[in-house]
Amino acid sequence: MAKGKYAKKRLRKQLRECSIKASGLSTRVANALDKVGIHSLADLVREDDESLSALPGIGESAMDEIRTVKGNIKETSITKKI
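Every chain is numbered on its own, with residues counted from 1 as its sequence reads. For this predicted model, a pLDDT threshold of at least 70 governs which residues receive local features, and a threshold of 80 or more governs which side-chain atom pairs are given and counted, while totals over whole chains, interfaces and linings are taken from all residues. Only hydrogens and water are set aside when side-chain values are computed; all heavy atoms of the structure are taken into account.

### A look at a positive patch on the surface
A patch is a set of surface residues, each over 30% in relative accessible area and not in a salt bridge, joined within 9 Å for like charges and within 5 Å for the nonpolar side chains Val, Leu, Ile, Met, Phe, Trp and Tyr. For every accessible area listed, the method is Shrake-Rupley and the probe measures 1.4 Å; residues are considered covered only by the protein chains on display. Salt bridges are defined as contacts in which a side-chain nitrogen from Lys or Arg sits within 4 Å of a carboxyl oxygen from Asp or Glu. Charge assignment in this entry is limited to Lys and Arg as positive and Asp and Glu as negative, and neither His nor the chain termini are counted. Every charge is mapped onto a representative atom, which is NZ of Lys, CZ of Arg, CG of Asp or CD of Glu. On the surface, a cluster of positive charge is made up of K5, K8, K9, R12 and R16. Turning to its location among the elements, R12 is positioned in helix α1 (residues 2–17). Taking the relative accessible area as the measure of exposure, R12 reaches 46% and is therefore partly exposed. By definition, any uninterrupted DSSP run of H or I lasting at least four residues is a helix, any uninterrupted run of E lasting at least two residues is a strand, and each is numbered from the N terminus. Accessible area is worked out with a 1.4 Å probe on protein chains only. A residue is then buried under 20% of its type maximum, exposed over 50%, and partly exposed in between.

Structure, rendered in structure tokens:
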């Protein structure tokens, strides 16, 4: 049990430390998110798709990029059995 607990903490720390600009999102999408206060992947994961799509500068193509990044994070979490 402890192994999973520490793995979750490690993943959360990595998400907090990874900036939006280094996440693989296009510069336009990363700048739009950064402008509204979403600076790390941890911030991005906390937001739901509905609130993200309502942000200025976030259209359907931007949401596709965001969903891909969020999906990769979830995939990583599942493969690490967190």
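Moving on, there is more to tell.
### Describing the nonpolar core
The nonpolar side chains of a soluble globular protein tend to be buried, and buried together. Grouped together as the largest cluster of nonpolar side chains are 20 residues, with contacts concentrated most on I20, L33, L44, L52, I58 and I66. Counting residues per element, the ones that place at least two in this core are α1, α2 (27–35), α3 (41–46) and α5 (60–79). The biggest single contributor to this core is α5, with five residues. Pairs of residues are marked as contacts when any of their non-hydrogen atoms sit within 4.5 Å. The contacts of I20, once residues within four sequence positions are left out, are L25, A30, L33, I38, H39, S40, L41 and L44. We define the nonpolar core as a collection of buried residues of types Ala, Val, Leu, Ile, Met, Phe, Trp, Tyr and Cys that are connected through side-chain atoms lying within 4.5 Å of one another.

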